[in-house]
Amino acid sequence: MEYLPDSSRYEKMQYRYCGNSGILLPIISLGLWHNFGSVDNFDTATDMIKCAFDSGITHFDLANNYGPVPGSAEENFGKIIKKDFSAYRDEMIISSKAGHDMWAGPYGGNSSRKNLMASIDQSLKRTGLDYFDIFYSHRYDEVTPVEETIQTLIDIVKCGKALYAGISKYPPEKAAIAYKMMKEAGVPCLISQYKYNMFDREVEEATLQLAADNGSGFIAFSPLAQGMLTNKYLHGIPENSRAAKSTGFLKREQVTDDKVEKARKLSAIADRRGQTLAEMALAWVLNDSRMTSVIIGASSVSQLKDNLATLRNLHFSQEELAEIAAILN
Ligand SMILES: NC(=O)c1ccc[n+]([C@@H]2O[C@H](COP(=O)([O-])OP(=O)(O)OC[C@H]3O[C@@H](n4cnc5c(N)ncnc54)[C@H](OP(=O)(O)O)[C@@H]3O)[C@@H](O)[C@H]2O)c1
(Lines give C-alpha, C1' and ligand atoms only; values in the text may rest on other atoms or scores of the structure.)
Protein backbone atom coordinates (compact mmCIF):
# COMPACT_ATOMS: atom_id res chain seq x y z
CA MET A 1 0.00 0.00 0.00
CA GLU A 2 1.28 3.46 -0.86
CA TYR A 3 2.49 5.47 2.13
CA LEU A 4 0.80 8.86 2.42
CA PRO A 5 2.21 11.06 5.17
CA ASP A 6 -0.04 12.80 7.67
CA SER A 7 -1.00 16.11 6.11
CA SER A 8 -0.92 17.89 9.48
CA ARG A 9 2.63 16.75 10.29
CA TYR A 10 4.25 20.18 10.35
CA GLU A 11 1.70 21.55 12.81
CA LYS A 12 2.68 18.87 15.31
CA MET A 13 6.37 19.80 15.53
CA GLN A 14 8.34 22.85 16.58
CA TYR A 15 11.37 23.96 14.57
CA ARG A 16 14.42 26.03 15.47
CA TYR A 17 16.92 27.70 13.16
CA CYS A 18 20.21 25.85 13.12
CA GLY A 19 22.71 28.44 14.33
CA ASN A 20 23.23 31.31 11.96
CA SER A 21 21.70 29.55 8.95
CA GLY A 22 18.47 29.36 7.03
CA ILE A 23 17.90 25.74 8.00
CA LEU A 24 15.11 24.90 10.39
CA LEU A 25 15.49 21.64 12.26
CA PRO A 26 12.77 19.89 14.24
CA ILE A 27 13.52 20.17 17.94
CA ILE A 28 13.31 16.36 18.03
CA SER A 29 15.39 14.49 15.44
CA LEU A 30 15.66 10.74 14.99
CA GLY A 31 18.97 8.88 15.14
CA LEU A 32 19.65 5.47 13.61
CA TRP A 33 22.65 4.36 15.67
CA HIS A 34 20.78 1.41 17.19
CA ASN A 35 17.63 -0.46 16.05
CA PHE A 36 18.00 0.09 12.29
CA GLY A 37 20.73 -2.43 11.52
CA SER A 38 20.67 -5.82 9.86
CA VAL A 39 20.20 -7.49 13.29
CA ASP A 40 17.02 -5.47 13.86
CA ASN A 41 13.43 -5.80 12.67
CA PHE A 42 13.05 -4.03 9.32
CA ASP A 43 9.29 -3.53 9.64
CA THR A 44 9.69 -1.84 13.03
CA ALA A 45 12.43 0.35 11.57
CA THR A 46 10.14 1.32 8.68
CA ASP A 47 7.25 2.07 11.04
CA MET A 48 9.48 4.29 13.19
CA ILE A 49 10.60 6.33 10.17
CA LYS A 50 6.99 6.75 9.05
CA CYS A 51 5.81 7.67 12.55
CA ALA A 52 8.64 10.20 12.82
CA PHE A 53 7.87 11.81 9.48
CA ASP A 54 4.14 11.83 10.24
CA SER A 55 4.98 13.73 13.42
CA GLY A 56 6.98 16.45 11.71
CA ILE A 57 10.45 14.97 12.25
CA THR A 58 12.32 16.00 9.13
CA HIS A 59 15.84 15.24 10.33
CA PHE A 60 17.36 11.75 10.33
CA ASP A 61 20.86 11.16 11.65
CA LEU A 62 23.09 8.39 10.30
CA ALA A 63 26.77 7.49 10.23
CA ASN A 64 28.73 5.11 8.04
CA ASN A 65 29.28 2.67 10.93
CA TYR A 66 25.72 2.45 12.29
CA GLY A 67 24.31 -1.06 12.39
CA PRO A 68 25.28 -3.64 13.36
CA VAL A 69 26.67 -4.75 10.99
CA PRO A 70 28.40 -1.45 10.24
CA GLY A 71 26.78 0.14 7.18
CA SER A 72 23.50 -1.71 7.53
CA ALA A 73 21.58 1.23 9.05
CA GLU A 74 22.41 3.27 5.95
CA GLU A 75 21.41 0.36 3.73
CA ASN A 76 18.09 -0.11 5.52
CA PHE A 77 17.37 3.61 5.57
CA GLY A 78 18.11 3.71 1.82
CA LYS A 79 15.60 0.90 1.20
CA ILE A 80 12.93 2.71 3.24
CA ILE A 81 13.56 6.00 1.43
CA LYS A 82 13.45 4.37 -1.97
CA LYS A 83 10.19 2.57 -1.29
CA ASP A 84 8.17 5.16 0.64
CA PHE A 85 9.90 8.53 0.70
CA SER A 86 11.31 9.28 -2.74
CA ALA A 87 8.60 11.89 -3.28
CA TYR A 88 9.57 13.57 0.03
CA ARG A 89 13.36 13.83 -0.25
CA ASP A 90 13.20 17.63 -0.39
CA GLU A 91 11.28 17.65 2.91
CA MET A 92 14.09 15.81 4.69
CA ILE A 93 17.45 16.65 6.22
CA ILE A 94 19.57 13.51 6.13
CA SER A 95 22.95 13.47 7.78
CA SER A 96 25.82 11.05 7.85
CA LYS A 97 29.32 10.98 9.31
CA ALA A 98 32.72 9.39 8.97
CA GLY A 99 35.70 8.97 11.27
CA HIS A 100 35.13 5.88 13.39
CA ASP A 101 36.29 2.35 12.49
CA MET A 102 34.56 1.14 9.37
CA TRP A 103 36.74 -1.02 7.14
CA ALA A 104 39.98 -2.95 7.50
CA GLY A 105 43.40 -1.47 7.09
CA PRO A 106 45.01 1.87 7.82
CA TYR A 107 42.43 4.01 5.96
CA GLY A 108 39.21 2.59 7.36
CA GLY A 109 38.72 4.45 10.59
CA ASN A 110 40.20 7.88 11.13
CA SER A 111 39.62 11.48 10.14
CA SER A 112 42.02 11.61 7.20
CA ARG A 113 41.06 12.99 3.80
CA LYS A 114 41.40 9.45 2.41
CA ASN A 115 38.86 8.09 4.91
CA LEU A 116 36.31 10.88 4.58
CA MET A 117 36.35 10.98 0.78
CA ALA A 118 35.98 7.20 0.47
CA SER A 119 33.37 7.14 3.23
CA ILE A 120 31.01 9.67 1.76
CA ASP A 121 31.02 7.80 -1.56
CA GLN A 122 30.31 4.52 0.24
CA SER A 123 27.52 6.12 2.31
CA LEU A 124 25.88 7.68 -0.76
CA LYS A 125 25.98 4.28 -2.45
CA ARG A 126 24.52 2.44 0.55
CA THR A 127 21.67 4.93 1.00
CA GLY A 128 21.10 5.44 -2.73
CA LEU A 129 21.03 9.20 -2.14
CA ASP A 130 22.49 11.78 -4.52
CA TYR A 131 23.75 13.94 -1.66
CA PHE A 132 23.63 14.29 2.14
CA ASP A 133 22.16 17.41 3.64
CA ILE A 134 24.76 17.37 6.40
CA PHE A 135 28.08 15.53 6.45
CA TYR A 136 30.02 15.39 9.71
CA SER A 137 33.51 14.66 10.79
CA HIS A 138 32.48 12.11 13.44
CA ARG A 139 35.42 12.82 15.73
CA TYR A 140 38.77 14.48 16.12
CA ASP A 141 41.06 11.41 15.96
CA GLU A 142 44.01 12.92 17.88
CA VAL A 143 46.44 12.29 15.01
CA THR A 144 45.11 13.75 11.78
CA PRO A 145 45.70 17.52 11.69
CA VAL A 146 42.35 19.20 12.13
CA GLU A 147 43.17 21.31 9.05
CA GLU A 148 43.30 18.16 6.88
CA THR A 149 39.90 16.94 8.08
CA ILE A 150 38.20 20.30 7.86
CA GLN A 151 39.57 21.08 4.39
CA THR A 152 38.07 17.76 3.30
CA LEU A 153 34.66 18.71 4.73
CA ILE A 154 34.88 22.03 2.87
CA ASP A 155 35.75 20.22 -0.37
CA ILE A 156 32.89 17.74 0.13
CA VAL A 157 30.43 20.62 0.35
CA LYS A 158 32.05 22.46 -2.56
CA CYS A 159 31.74 19.43 -4.83
CA GLY A 160 28.07 18.98 -3.92
CA LYS A 161 28.19 15.64 -2.11
CA ALA A 162 26.79 17.39 0.97
CA LEU A 163 24.94 20.68 1.34
CA TYR A 164 26.34 21.53 4.76
CA ALA A 165 29.08 20.30 7.08
CA GLY A 166 29.26 19.68 10.80
CA ILE A 167 31.62 18.46 13.49
CA SER A 168 31.05 15.98 16.27
CA LYS A 169 32.80 15.50 19.63
CA TYR A 170 35.65 17.91 18.82
CA PRO A 171 37.52 19.22 21.86
CA PRO A 172 36.91 22.99 22.16
CA GLU A 173 40.38 24.02 21.00
CA LYS A 174 40.03 21.92 17.81
CA ALA A 175 36.43 23.06 17.30
CA ALA A 176 37.65 26.68 17.39
CA ILE A 177 40.11 25.95 14.54
CA ALA A 178 37.37 24.18 12.58
CA TYR A 179 34.87 27.05 12.96
CA LYS A 180 37.44 29.61 11.82
CA MET A 181 38.62 27.61 8.80
CA MET A 182 35.11 26.83 7.66
CA LYS A 183 33.97 30.41 8.00
CA GLU A 184 36.95 31.68 6.00
CA ALA A 185 36.25 29.12 3.27
CA GLY A 186 32.63 30.25 2.95
CA VAL A 187 31.37 26.90 4.23
CA PRO A 188 30.41 27.77 7.81
CA CYS A 189 29.96 24.93 10.27
CA LEU A 190 26.20 24.38 10.24
CA ILE A 191 26.01 22.23 13.32
CA SER A 192 27.97 20.75 16.20
CA GLN A 193 26.95 17.37 17.58
CA TYR A 194 27.85 16.36 21.15
CA LYS A 195 26.56 14.16 23.93
CA TYR A 196 24.36 16.14 26.28
CA ASN A 197 21.85 14.99 28.86
CA MET A 198 21.04 15.43 32.55
CA PHE A 199 23.78 12.93 33.48
CA ASP A 200 26.45 14.21 31.09
CA ARG A 201 26.90 17.96 31.06
CA GLU A 202 30.51 18.43 29.99
CA VAL A 203 29.56 20.66 27.04
CA GLU A 204 28.23 23.28 29.43
CA GLU A 205 31.85 24.14 30.32
CA ALA A 206 32.88 25.64 26.98
CA THR A 207 31.65 23.78 23.93
CA LEU A 208 28.05 24.90 23.85
CA GLN A 209 28.88 28.60 24.09
CA LEU A 210 31.77 28.25 21.63
CA ALA A 211 29.37 26.84 19.04
CA ALA A 212 26.86 29.62 19.69
CA ASP A 213 29.57 32.30 19.43
CA ASN A 214 30.58 30.88 16.05
CA GLY A 215 27.06 30.77 14.65
CA SER A 216 26.93 26.96 14.67
CA GLY A 217 23.75 25.14 15.61
CA PHE A 218 24.02 22.56 18.38
CA ILE A 219 22.45 19.13 18.49
CA ALA A 220 22.51 16.84 21.53
CA PHE A 221 22.99 13.11 21.08
CA SER A 222 21.97 10.48 23.64
CA PRO A 223 19.66 12.99 25.37
CA LEU A 224 18.11 10.09 27.32
CA ALA A 225 21.54 8.75 28.37
CA GLN A 226 20.84 5.71 26.16
CA GLY A 227 17.66 4.96 28.11
CA MET A 228 18.86 5.62 31.67
CA LEU A 229 16.78 8.83 31.72
CA THR A 230 13.56 6.90 31.15
CA ASN A 231 11.62 4.72 33.56
CA LYS A 232 13.16 1.63 31.96
CA TYR A 233 15.90 0.84 34.49
CA LEU A 234 14.12 1.85 37.70
CA HIS A 235 13.50 -1.77 38.67
CA GLY A 236 16.46 -3.61 37.19
CA ILE A 237 17.71 -4.24 33.67
CA PRO A 238 14.87 -5.55 31.51
CA GLU A 239 15.42 -8.16 28.83
CA ASN A 240 15.66 -6.62 25.37
CA SER A 241 16.86 -3.29 26.73
CA ARG A 242 20.01 -1.78 25.26
CA ALA A 243 21.95 -2.57 28.44
CA ALA A 244 20.92 -6.24 28.20
CA LYS A 245 21.77 -6.71 24.52
CA SER A 246 25.20 -7.86 23.44
CA THR A 247 25.05 -5.45 20.48
CA GLY A 248 24.15 -2.41 22.61
CA PHE A 249 26.64 0.31 23.46
CA LEU A 250 25.21 0.73 26.96
CA LYS A 251 26.89 -1.74 29.27
CA ARG A 252 25.24 -3.22 32.34
CA GLU A 253 27.88 -1.73 34.59
CA GLN A 254 27.02 1.77 33.36
CA VAL A 255 23.54 1.43 34.87
CA THR A 256 24.84 2.27 38.35
CA ASP A 257 22.82 2.48 41.57
CA ASP A 258 23.60 6.18 41.76
CA LYS A 259 22.11 6.83 38.28
CA VAL A 260 19.04 4.71 39.02
CA GLU A 261 18.49 6.55 42.30
CA LYS A 262 18.74 9.91 40.54
CA ALA A 263 16.39 8.72 37.79
CA ARG A 264 13.89 7.67 40.45
CA LYS A 265 13.95 11.13 42.06
CA LEU A 266 13.70 12.85 38.68
CA SER A 267 10.83 10.60 37.73
CA ALA A 268 8.87 11.86 40.74
CA ILE A 269 9.26 15.45 39.47
CA ALA A 270 8.21 14.35 35.97
CA ASP A 271 5.10 12.74 37.50
CA ARG A 272 4.12 16.02 39.09
CA ARG A 273 4.54 17.74 35.73
CA GLY A 274 2.26 15.15 34.15
CA GLN A 275 5.13 13.79 32.02
CA THR A 276 7.23 10.67 31.80
CA LEU A 277 10.86 10.93 32.83
CA ALA A 278 11.85 10.61 29.14
CA GLU A 279 9.69 13.60 28.23
CA MET A 280 11.08 15.68 31.06
CA ALA A 281 14.69 14.73 30.23
CA LEU A 282 14.22 15.89 26.62
CA ALA A 283 12.41 19.07 27.65
CA TRP A 284 15.26 19.84 30.06
CA VAL A 285 17.87 19.68 27.26
CA LEU A 286 15.69 21.80 25.00
CA ASN A 287 15.20 24.39 27.73
CA ASP A 288 18.56 25.87 26.67
CA SER A 289 17.85 28.22 23.77
CA ARG A 290 21.27 27.45 22.24
CA MET A 291 20.08 23.89 21.63
CA THR A 292 18.77 23.42 18.08
CA SER A 293 17.54 19.86 18.48
CA VAL A 294 17.90 16.61 20.39
CA ILE A 295 18.64 13.40 18.48
CA ILE A 296 16.73 10.64 20.14
CA GLY A 297 16.94 6.92 19.60
CA ALA A 298 14.00 4.56 19.89
CA SER A 299 13.46 0.82 19.64
CA SER A 300 9.69 0.99 19.06
CA VAL A 301 6.98 3.26 17.74
CA SER A 302 5.52 3.55 21.24
CA GLN A 303 8.82 4.89 22.62
CA LEU A 304 8.97 7.37 19.79
CA LYS A 305 5.44 8.54 20.55
CA ASP A 306 6.24 8.84 24.25
CA ASN A 307 9.25 10.98 23.39
CA LEU A 308 7.27 13.14 20.98
CA ALA A 309 4.81 13.89 23.80
CA THR A 310 7.62 16.09 25.18
CA LEU A 311 6.25 18.80 22.90
CA ARG A 312 3.19 19.11 25.15
CA ASN A 313 5.19 20.62 28.01
CA LEU A 314 8.56 22.24 27.42
CA HIS A 315 8.27 24.83 30.16
CA PHE A 316 10.01 24.64 33.56
CA SER A 317 9.45 26.85 36.58
CA GLN A 318 12.55 28.18 38.38
CA GLU A 319 11.60 25.96 41.35
CA GLU A 320 11.52 22.84 39.17
CA LEU A 321 14.89 23.68 37.62
CA ALA A 322 16.40 24.21 41.06
CA GLU A 323 14.98 20.92 42.32
CA ILE A 324 16.40 19.09 39.30
CA ALA A 325 19.78 20.79 39.71
CA ALA A 326 19.90 19.70 43.36
CA ILE A 327 19.37 16.06 42.32
CA LEU A 328 21.94 16.21 39.52
CA ASN A 329 24.61 17.89 41.62
N1 LIG B 1 28.04 11.79 17.11
C2 LIG B 1 28.19 10.72 17.82
O3 LIG B 1 29.29 10.26 18.10
C4 LIG B 1 26.97 10.00 18.33
C5 LIG B 1 27.10 9.06 19.36
C6 LIG B 1 25.96 8.45 19.82
C7 LIG B 1 24.72 8.74 19.26
N8 LIG B 1 24.64 9.64 18.22
C9 LIG B 1 23.35 9.95 17.58
O10 LIG B 1 22.36 10.18 18.56
C11 LIG B 1 21.28 9.27 18.36
C12 LIG B 1 20.61 8.97 19.65
O13 LIG B 1 21.48 8.31 20.54
P14 LIG B 1 20.90 7.30 21.59
O15 LIG B 1 20.19 6.20 20.87
O16 LIG B 1 21.97 6.96 22.55
O17 LIG B 1 19.78 8.25 22.28
P18 LIG B 1 18.90 8.17 23.58
O19 LIG B 1 17.63 8.84 23.17
O20 LIG B 1 19.65 8.71 24.74
O21 LIG B 1 18.63 6.61 23.85
C22 LIG B 1 17.77 5.89 23.04
C23 LIG B 1 17.41 4.56 23.70
O24 LIG B 1 16.73 4.77 24.94
C25 LIG B 1 15.63 3.88 25.05
N26 LIG B 1 14.40 4.69 25.01
C27 LIG B 1 14.12 5.72 24.19
N28 LIG B 1 12.91 6.24 24.45
C29 LIG B 1 12.41 5.53 25.48
C30 LIG B 1 11.20 5.59 26.20
N31 LIG B 1 10.29 6.52 25.91
N32 LIG B 1 11.00 4.71 27.20
C33 LIG B 1 11.92 3.77 27.50
N34 LIG B 1 13.11 3.65 26.84
C35 LIG B 1 13.35 4.52 25.83
C36 LIG B 1 15.73 2.92 23.87
O37 LIG B 1 16.58 1.84 24.21
P38 LIG B 1 16.11 0.31 24.37
O39 LIG B 1 16.77 -0.42 23.27
O40 LIG B 1 16.63 -0.09 25.70
O41 LIG B 1 14.60 0.26 24.27
C42 LIG B 1 16.42 3.79 22.84
O43 LIG B 1 17.05 3.06 21.83
C44 LIG B 1 21.91 8.09 17.65
O45 LIG B 1 20.97 7.30 16.95
C46 LIG B 1 22.86 8.79 16.72
O47 LIG B 1 22.16 9.29 15.61
C48 LIG B 1 25.75 10.28 17.76
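Residues numbered from 1 in each chain as written. Predicted model: local features only at pLDDT ≥ 70, side-chain atom pairs only at ≥ 80, totals over all residues.

Asker: Quick question: what am I supposed to make of the overall build of the protein here?
Answerer: A tally of regular secondary structure across the protein gives eleven helices and ten strands. Since a compact globule built from 329 residues should have a radius of gyration of about 20 Å, the 19 Å found for the protein is in line with a globular shape. Along the first, second and third principal axes, the C-alpha atoms of the protein reach 50 × 50 × 40 Å. The buried share among the 329 residues of the protein stands at 44%. Here the contacts in the protein between residues at least 6 apart in sequence split such that 76% fall between residues at least 24 apart. (Helix = DSSP H or I, 4+ residues; strand = E, 2+ residues; numbered from the N terminus. Rg over C-alpha atoms; globule rule 2.2 N^0.38 Å. Buried ≥ 20, exposed ≤ 12 C-beta atoms within 10 Å, placed from the backbone. Contact = placed C-beta atoms within 7 Å.)

Asker: Please explain helix α2 (residues 42-54) as it appears in this structure.
Answerer: Note that an α-helix has 3.6 residues per turn; residues three or four places apart therefore point the same way. Its 13 residues give α2 an end-to-end C-alpha distance of 18 Å, which sits within 8% of 18 Å, the value for a rise of 1.5 Å per residue. Within α2, the full set of buried residues consists of A45, M48, I49, A52 and F53. Looking straight down α2, one finds its buried side chains confined to an arc of 130°; they lie on one side. Summarising the contacts, the buried residues of α2 are in contact with α1 (9-12), β3 (28-31), α3 (72-85) and α10 (301-308). (Expected span 1.5 Å × (residues − 1). Arc of directions from axis to C-beta.)

Asker: How should the nonpolar core be read in this particular structure?
Answerer: Soluble globular proteins: nonpolar side chains tend toward being buried together. A165 and L229 are the most contacted members of the largest nonpolar core, which has 85 residues in total. For this core, the leading source of residues is helix α9 (residues 277-286), giving nine residues. Ignoring sequence-local partners within four residues, the contact set of L229 consists of N197, M198, F199, L224, A263, L277, A278 and A281. (Core = buried A, V, L, I, M, F, W, Y, C linked by C-beta atoms within 7 Å.)

Asker: Even after reading the chapter, I still don't get the sheet that holds strand β6 (residues 132-137), so can you show me in this structure?
Answerer: Strands pair in a sheet through their backbones, by hydrogen bonds, and they do so in one of two ways: parallel or antiparallel. Here eight strands make up a closed barrel; going around it, the order is β3-β4-β5-β6-β7-β8-β9-β10 and the pairing parallel. The mean angle between the axes of side-by-side strands here comes to 30°, regardless of whether they run parallel or antiparallel. Where strand β4 (residues 59-61) and strand β5 (residues 93-98) come together, three bridges link them in parallel fashion. Counted as the bridge partner of F60 is I94 from β5. (Pairing = 2+ DSSP bridges. Axes fitted to C-alpha atoms, helices over the stretch in contact; angles between N-to-C directions.)

Asker: Can you help me understand the pairing of strand β9 (residues 217-221) in this one?
Answerer: A regular strand carries its side chains on alternate faces of the sheet. In terms of burial, β9 is a largely internal element, five of the five residues being buried. Residues G217, I219 and F221 line one face of β9 and the alternating positions F218 and A220 line the opposite face, and both faces are buried. The parallel pair strand β8 (residues 189-195) and β9, bridged by helix α7 (residues 207-213), forms a crossover whose chirality is right-handed. Where β9 and strand β10 (residues 293-296) come together, three bridges link them in parallel fashion. Note that in β10 the partner of F221 across the bridge is I295. (Right-handed = clockwise from strand over helix to strand, strands pointing away.)

Asker: I'm lost on the site of the ligand in this one. Help?
Answerer: With respect to spatial proximity, 30 residues lie near the ligand, and among them G31, W33, F221, G227 and G297 are the closest. When residues of the shell around the ligand are traced back to their parent elements, those giving at least two are β10 and α10. Among the elements that line the shell around the ligand, the one with the most residues is α10, at three residues. Class assignment of the residues belonging to the shell around the ligand gives a composition of ten nonpolar, 15 polar and five charged. (Near = placed C-beta within 6 Å. Nonpolar A, V, L, I, M, F, W, Y, C, P; charged D, E, K, R; others polar.)

Asker: Could you clarify how one ought to interpret the pairing of β8 in this entry?
Answerer: Of all seven residues in β8, six are buried, a share of seventy percent or more. As defined by bridge partners, strand β7 (residues 162-168) adjoins β8 across four bridges and the pair is classed as parallel. Bridge pairing in β8 links G166 to I191. With helix α6 (residues 172-184) bridging β7 and the parallel β8, this β-α-β connection has right-handed handedness. Relative to β9, β8 runs parallel, the two sharing five bridges. Within β9, the residue paired with S192 across the bridge is F218.

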